[in-house]
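# Structure assessment
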Amino acid sequence: MRGRSRFLAIYGIRRVGKTSVLRVALNEANIPYCYIDARALENDFTKRRFYQLISNCLTELSIRWRLENAIRNIAKIIRGINVFGSGIELNIEVDWRSVYLTDLLNALSKNLDQVVIAIDEAQVLRMLKGFGKVDLTQILAYTYDNLGNIKVILTGSEVGLLHDFLGLENPKSPLTGDSSRN
């Protein structure tokens, strides 16, 4: 995880150990990480539920890595992040404007030397795409193109669905393009 690669997909059939490999790698790398199990959406494929998972992830990041000051700095930059003694809450809307995930990722990038965003069973996130929801492939492409100190790891057991979600063979997908770019 310390190399040049900033985007990694781990996929295979169910119950072969993808999550175990991911967790061991995250723990041994000694880099702050945020882990999201997309199955926790529990068929609630709303932006609000996804933001709850991100809030939980930020809370874990803050506590596990003792990054309270960095998270507080991020909360000062982005309206809609509330820091409480027991955790962090990411509001889906503040006043008239939404909290944008790219703004959050930019703030994380500016306040942390490195961070890994790990999403287990990422193919589930394809259900978030649609009107008023989140197109995660756009956010992943933005992160790859602009935020060099954020590494993304995705796992998926529904290999075809993960492949289709990422659009790896679709020339119109935000994640395809010139593979020589860093």
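Look a little higher up for the structure.
Residues numbered from 1 in each chain as written. Predicted model: local features only at pLDDT ≥ 70, side-chain atom pairs only at ≥ 80, totals over all residues. Heavy atoms only, no water.

### Focus: the sheet that holds strand 1 (residues 7–11)
What links the strands of a sheet is backbone hydrogen bonding, and the strands pair in either a parallel or an antiparallel sense. Quick note on the threshold: Between any two strands, pairing holds if DSSP finds at least two bridges. The way it works is that DSSP assigns letters per residue, a run of H or I at least four long becomes a helix, a run of E at least two long becomes a strand, and they are numbered from the N terminus. Here the axes come from fitting lines to C-alpha atoms, over the contacting stretch only for helices, and the angles between their N-to-C directions go from 0 to 180 degrees.
Strand order in the open sheet formed by four strands is 1-8-7-2, with parallel pairing between adjacent strands. Looking at which strands have only one partner, the edges of the open sheet turn out to be strand 1 and strand 2 (33–37). Taking the axes of each pair of neighbouring strands and ignoring which way they run, one obtains an average angle of 15° across the sheet.

### Some thoughts on the packing of aromatic side chains
Quick note on the threshold: Working definition: rings of Phe, Tyr and Trp (its six-membered ring) pair if their centres are within 6.5 Å, and the pair is stacked with planes under 30 degrees apart, edge-to-face with planes over 60 apart, and tilted otherwise. Put simply, a charge is over a ring when the Lys NZ or the Arg CZ is close to the ring centre, within 6 Å, and near the line of the ring normal, within 35 degrees.
Per the stated rule, a full pass over the model turns up one aromatic pair. Here Tyr-33 and Trp-65 contribute two aromatic rings whose centre-to-centre distance is 6.0 Å and whose plane-to-plane angle is 75°, an arrangement assigned as edge-to-face. Here the residue Tyr-33 occupies a position in strand 2, and Trp-65 occupies one in the loop between helix 2 (47–64) and helix 3 (68–77), the gap between them amounting to 32 residues. Positioned above the aromatic ring of Tyr-144, the side-chain terminus of Arg-6 is 4.5 Å from the ring centre. Taking NZ or CZ as reference, Arg-23 lies 4.0 Å from the ring centre of Tyr-35, over its face.

### Re the pattern of salt bridges
Note the following rule: Any Lys or Arg side-chain nitrogen located within 4 Å of an Asp or Glu carboxyl oxygen qualifies as a salt bridge. Exposure categories follow from relative accessible area, calculated using a 1.4 Å probe and restricted to protein chains: below 20% of the type maximum is buried, above 50% is exposed, and the middle band is partly exposed.
A complete count under the given rule lists four salt bridges for this structure. Across the salt bridge formed by Arg-39 and Asp-37, the nearest N and O atoms sit 2.6 Å from each other. Judged by its relative accessible area of 41%, Arg-39 falls in the partly exposed class. Of the charged contacts in the structure, one is a salt bridge between Lys-129 and Asp-135, with a shortest N-O distance of 3.9 Å.

### With respect to the environment of Thr-137
The condition is simple: Contacts: residue pairs with any heavy atoms within 4.5 Å of one another.
Here Thr-137 lies in helix 5 (residues 136–146). Sequence-wise, Thr-137 and Ser-173 are 36 residues apart; in three dimensions their C-alpha atoms are separated by 7.7 Å. With sequence-adjacent residues up to four places away left out, Thr-137 is seen in contact with Phe-165, Leu-166, Pro-174 and Leu-175.

### Focus: helix 6 (residues 159–166)
For the record, the criterion: Summarising the geometry, the arc corresponds to the directions from the helix axis toward the C-beta atoms.
If you check which residues of helix 6 are buried, you get Leu-162, Phe-165 and Leu-166. Projected down its long axis, helix 6 shows its buried positions confined to an angular sector of 90°, all on one face. Looking at the buried residues of helix 6, the elements they touch are strand 1, helix 5 and strand 8 (150–156).

### Overview of the environment of Ile-153
Take Ile-153: it is sitting in strand 8. A relative accessible area of 5% places Ile-153 in the buried class. Residues Ile-153 and Ala-118, 35 residues apart in the sequence, show an inter-C-alpha distance of 4.7 Å.

### Quick look at the state of the cysteines
Just so we agree on the cut-off: The disulfide criterion used throughout: a pair of cysteine sulfur atoms within 2.5 Å.
The full count for this structure, using the stated rule, is one disulfide. Sulfur-sulfur distance for the disulfide between Cys-34 and Cys-57 comes to 1.3 Å. Here Cys-34 is found in strand 2, whereas its partner Cys-57 is found in helix 2, with 23 residues between them in sequence. Taken as a pair, Cys-34 and Cys-57 share a single burial class, namely buried.

### Some words on the packing of helix 2 against helix 4 (residues 101–111)
Here is the rule we go by: In these notes the angle categories are as follows: under 35 degrees is roughly parallel, over 145 is roughly antiparallel, 65 to 115 is roughly perpendicular, and the rest is oblique. Each residue is assigned to one of three groups, with Ala, Val, Leu, Ile, Met, Phe, Trp, Tyr, Cys and Pro labelled nonpolar, Asp, Glu, Lys and Arg labelled charged, and all others, Gly among them, labelled polar.
Running from N to C, helix 2 and helix 4 point in directions that differ by 10°, and their axes come no closer than 13 Å. As summarised for this structure, helix 2 and helix 4 are arranged roughly parallel, according to the angle between their axes. For the pair formed by helix 2 and helix 4, the contact residues are Phe-50, Tyr-51, Ile-54, Leu-58 and Leu-61 on the first element and Leu-101, Leu-104 and Leu-108 on the second. Taken together, the residues of the contact of helix 2 with helix 4 break down into eight nonpolar, no polar and no charged.

Geometry only, nothing functional implied.
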